[in-house]
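These are the residues of each chain, in order.
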Amino acid sequence: LDHGFEVVTAPSDLPTHTERWTALLRDATLTRGLRSWDTTTCGLHVHASRAPISPLTLGKILVFMNSPLTQQPITTLAGRASSRWATVSPKKATDALKASGARYQAVNLQNTDTIEFRIFKGTLKLEHVLADIQFCHAVVSWARDVSLRDVESWQCFVSFIAKEKAYKVLYGWLQDHDLT
C-alpha cells in the first residue's frame, strides 16, 4: 500500500458498519493526514458472506456487476474503472462462475467464505463509504429475488433500493450524482 494500511472489518450488519465507520471517519484525530481518493494504491474492497448466496444468486450478481448495461452507473459509484484492480469478467456468465485464479475481478470469487466486491476507489468520505457498503448489501439482497429478465436493469435495482430504508445513504448518493 506504499506506506499505508488496510482496514479489515469483522462480519457485521449495516447498522454496525454505519456506527463504526461514522465513529472512525468523523474523528479528525484519527483521519488527520490520511489520503485515500487521491492515491493510486488505495481501494475499498467489501466482502459479503457466501452463506445466503445460492449459485443462481451468485450468477445474477455477476451478470449485474459485469453487464455493459450497468457499467456506467457502477463505474460512477465506484469512482474508478481500472482494469488493473477490478476487471470485468468474461462475457458469458458461465465463464464468470469458473474459478479463474484471478483475484482482480470486479467480484472476486477466490475466497472460501465470502465474495469480494473490488470495484471501489478508496475514500475517506463517510457518505461514500456507507453508500459503497450499502450498494454491496443491496446487490446481494436484490439478486436473490430479481427475475432473470431484469438482472441487467439499473432502473430495477434503483427501484429496489428506493423502497428500502436500509439503503437511504446509497439512494441519496445516487440521486446527488444523477444515477436514479
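Now for a description of the structure that goes with this document. (Residues numbered from 1 in each chain as written. Predicted model: local features only at pLDDT ≥ 70, side-chain atom pairs only at ≥ 80, totals over all residues. Heavy atoms only, no water.)

1. Description of the overall build of the chain
On a plain count of helices and strands, the chain comes out with eight helices and three strands. Ordering the α and β elements of the chain from the N terminus gives α-α-β-α-α-α-β-β-α-α-α. Counting over 180 residues, the chain shows a buried share of 40%. If you take every contact in the chain between residues at least 6 apart in sequence, the share linking residues at least 24 apart comes to 65%. When the accessible surface of the chain is split by element, carbon and sulfur atoms take 54% of a total near 10,300 Å². (Helix = DSSP H or I, 4+ residues; strand = E, 2+ residues; numbered from the N terminus. Buried < 20%, exposed > 50% of the residue type's maximum accessible area, 1.4 Å probe, protein only. Contact = heavy atoms within 4.5 Å. Areas by Shrake-Rupley, 256 points an atom, 1.4 Å probe, with all protein chains shown as cover.)

2. Section: the pattern of salt bridges
Throughout the structure, instances matching the rule amount to two salt bridges. Between Glu127 and Arg26 there is a salt bridge, with the nearest N and O atoms lying 3.3 Å from each other. Residue Glu127 is found in helix H6 (residues 126-145), and its partner Arg26 is found in the loop between helix H1 (14-25) and helix H2 (28-31); the two are separated by 101 residues along the sequence. The partly exposed category is assigned to Glu127, whose relative accessible area is 42%. Given a relative accessible area of 57%, Arg26 falls into the exposed group. (Salt bridge = Lys/Arg side-chain N within 4 Å of Asp/Glu carboxyl O.)

3. Notes on the side chain of Glu116
If you trace the backbone, Glu116 turns up in strand E3 (residues 114-121). Residue class for Glu116 comes out buried when judged on its relative accessible area of 3%. Side chain to side chain, Glu116 and His45 meet in a polar contact 3.1 Å long. There is a polar contact of 3.3 Å between the side chain of Glu116 and the side chain of Arg118. (Polar contact = N/O pair within 3.5 Å; in protein donor to acceptor, adjacent residues only side chain to side chain.)

4. Some words on helix H4 (residues 71-78)
Those residues of H4 not exposed but buried are Pro73, Ile74, Leu77 and Ala78. For H4, the arc enclosing every buried residue in end-on projection is 130 degrees, short of the 170-degree limit, so these residues lie on one face. Buried residues in H4 make contact with helix H3 (55-66), E3, H6, helix H7 (154-163) and helix H8 (168-176). Just downstream of H4, Gly79 is the residue with a positive phi angle, here 85 degrees. (Arc of directions from axis to C-beta.)

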